[in-house]
Amino acid sequence: VPANTYIASILAITDNCLVPVLVEPDIDTYNINISKIEAAITSKTKAIMIVHLYGRVVFSEELKALAQKHDLKIIEDNAQAIGAEWNGIKTGNLGDAAGFSFYPGKNLGALGDGGAVTTNDDTLAKTIRALANYGSEEKYVNKYQGLNSRLDEIQAAVLDVKLQYLNEENEKRREVMKYYLENIINPDIILPQLPENEKEHVWHLFVIRTIERNRLQEYLKDNGIQTLIHYPIPPYRQEAYPELHHLYFPITEQIHEEVLSLPISPVMTNEDIKKVVDTLNNYK
Ligand SMILES: *Cc1c(COP(=O)(O)O)cnc(C)c1O
């Protein structure tokens, strides 16, 4: 699992009594560095968890071959990349199973919490459905010690309607991204790099890097522009994981110190976008 992911990826691993093994990301894509995965594999490794962080796909033939060679599952954390594609295949359909989030701030957000799992494995699908329903396949007959994790019907109804607009909204995010990339010309700001194929990124976040990140964030705030940091503390430095405190990942550290997420959303007006660009270009 990438060392710079959101804590929820790690929680999913430890919640299942498995041990997270962290791997450095790539400084240009912010995604797990696929060439560094093999060195982290041991005889105890069960799966590779990829996280399409910030909405950008991480996948390759090399990764698929690596999983095959070591007989590992590929689990996708697709919370941030719903609608993205790799070689015509949607994220969530690249590995053995994938987790989606419909948290209101995600590209497909419900009116409250929600999520989904996708898989092409029928047995797994059946098991997961049962686990989410108290471990029951048949009413009042409990096969597993499951939990209550059903998608609320109201949320499902809202998502069903919103799903029809997902591609359109991701396209609008791309328009904001293009305007930013073409017009932000301040040399103190490192812009995100484009993937080869436009569909490999759905721009859940537009993340820049800058040396004096906190100063830039203050400046933008003083000019009425809210930004967020994804994320301020790496998972292995969290109080929740003392067993990971001995770890140190220089690229992850750099990312956590330098990243800043600019506003990006399908409802931004042209004036909003222009204001962000002009304010950034005036930053010294
Ligand atoms: C939001 C998010 C999650 C968790 O999703 P929930 O719906 O809040 O459980 C997991 N991983 C990543 C990368 C996320 O951004």
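Computed from a prediction, not measured in an experiment: that's the story for all the values here.

(A) Examining the overall build of the chain more closely. On a plain count of helices and strands, the chain comes out with 8 helices and 10 strands. Relative to its length of 284 residues, the chain is compact, with a C-alpha radius of gyration of 20 Å against a globular reference of 19 Å. In terms of overall dimensions, the chain has a C-alpha envelope of 65 × 45 × 35 Å along the principal axes. Taken over 284 residues, the chain has a buried fraction of 45%. For the chain, the share of sequence-separated contacts (at least 6 apart) that also reach a separation of at least 24 residues comes to 60%. By element, 51% of the accessible surface of the chain is carried by carbon and sulfur atoms, the whole surface being about 15600 Å². Across the chain, the centroid of the 28 positively charged side chains sits 1 Å from that of the 40 negatively charged ones.

(B) How the structure looks around the packing of aromatic side chains. Inspection of the entire model under this criterion finds 7 aromatic pairs. These aromatic residues form a ring-pair network of at least three members: Tyr-180, Trp-203 and Phe-206.

(C) Up close: the site of the ligand. In the vicinity of the ligand, the contacting residues are Tyr-6, Ala-8, Val-51, Asp-77, Ala-79, Gln-80, Ser-101, Lys-106 and Gly-114. For the ligand, an oxygen atom lies 2.6 Å from a polar atom in the side chain of Ser-101. Between the ligand and Lys-106, the relevant distance is 3.1 Å, taken from an oxygen atom to a side-chain nitrogen or oxygen of the residue. Considering only residue class, the shell around the ligand consists of 4 nonpolar, 3 polar and 2 charged.

(D) Molecular detail of the side chain of Ser-261. Structurally, Ser-261 can be placed in strand E10 (residues 259-262). With relative accessibility at 4%, the residue Ser-261 sits in the buried group. At a separation of 2.7 Å, a polar atom in the side chain of Ser-261 contacts the side chain of His-230. Excluding its chain neighbours within four sequence positions, the residues that come into contact with Ser-261 are Leu-205, Phe-206, Val-207, Thr-227, Leu-228 and His-230.

(E) Seen up close, the sheet that holds strand E2 (residues 73-77). Reading across from one edge, E1-E2-E5-E6 is the order of the 4 strands in this open sheet, with mixed pairing throughout. With partners counted over all chains shown, the strands left at the sheet margins are strand E1 (47-51) and strand E6 (115-119), one partner each. Each adjacent strand pair in this sheet contributes to an overall mean axis angle of 15 degrees, direction not counted. With 3 bridges joining them, E2 and strand E5 (residues 97-101) adopt parallel strand pairing. Within the sheet, the bridge partner assigned to Ile-75 lies in E5 and is Ala-97. Seen against the sheet, helix H2 (residues 61-69) touches E1 and E2 and runs at an angle of roughly 155 degrees to E1.

(F) Examining the environment of Gln-80 more closely. Within the secondary structure layout, Gln-80 lies in the loop between E2 and strand E3 (85-86). A residue is classified by how much of its surface remains accessible, and Gln-80, at 6% relative accessible area, is buried. In this structure, the C-alpha to C-alpha distance between Gln-80 and His-204, residues 124 residues apart in sequence, is 5.9 Å. Not counting chain neighbours up to four residues away, the residues in contact with Gln-80 comprise His-52, Leu-53, Tyr-54, Gly-55, Asn-107, Val-202, His-204, Leu-205 and Tyr-231. Polar side-chain contacts of Gln-80 include one of 2.9 Å to the side chain of Tyr-231.

(G) Structural view of the packing of helix H5 (residues 166-183) against helix H8 (residues 270-281). Relative to each other, H5 and H8 sit at 25 degrees, their axes nearing to 10 Å. Between H5 and H8, the angle falls in the class roughly parallel. As H5 packs across H8, the resulting crossing turns out to be right-handed. For the pair H5 and H8, the contacting residues are Val-176, Tyr-179, Tyr-180 and Asn-183 in the first and Ile-273, Lys-274, Val-276, Val-277 and Asn-281 in the second.

About the cut-offs
Residues numbered from 1 in each chain as written. Predicted model: local features only at pLDDT ≥ 70, side-chain atom pairs only at ≥ 80, totals over all residues. Heavy atoms only, no water. Helix = DSSP H or I, 4+ residues; strand = E, 2+ residues; numbered from the N terminus. Rg over C-alpha atoms; globule rule 2.2 N^0.38 Å. Buried < 20%, exposed > 50% of the residue type's maximum accessible area, 1.4 Å probe, protein only. Contact = heavy atoms within 4.5 Å. Areas by Shrake-Rupley, 256 points an atom, 1.4 Å probe, with all protein chains shown as cover. Lys, Arg positive; Asp, Glu negative; His and termini not counted. Charge placed at Lys NZ, Arg CZ, Asp CG, Glu CD. Phe/Tyr/Trp six-rings, centres within 6.5 Å; stacked < 30°, edge-to-face > 60°. Near = heavy atom within 4 Å. Polar contact = N/O pair within 3.5 Å; in protein donor to acceptor, adjacent residues only side chain to side chain. Nonpolar A, V, L, I, M, F, W, Y, C, P; charged D, E, K, R; others polar. Pairing = 2+ DSSP bridges. Axes fitted to C-alpha atoms, helices over the stretch in contact; angles between N-to-C directions. Parallel < 35°, antiparallel > 145°, perpendicular 65-115°, else oblique. Left-handed = near helix turned anticlockwise from the far one by under 90°.

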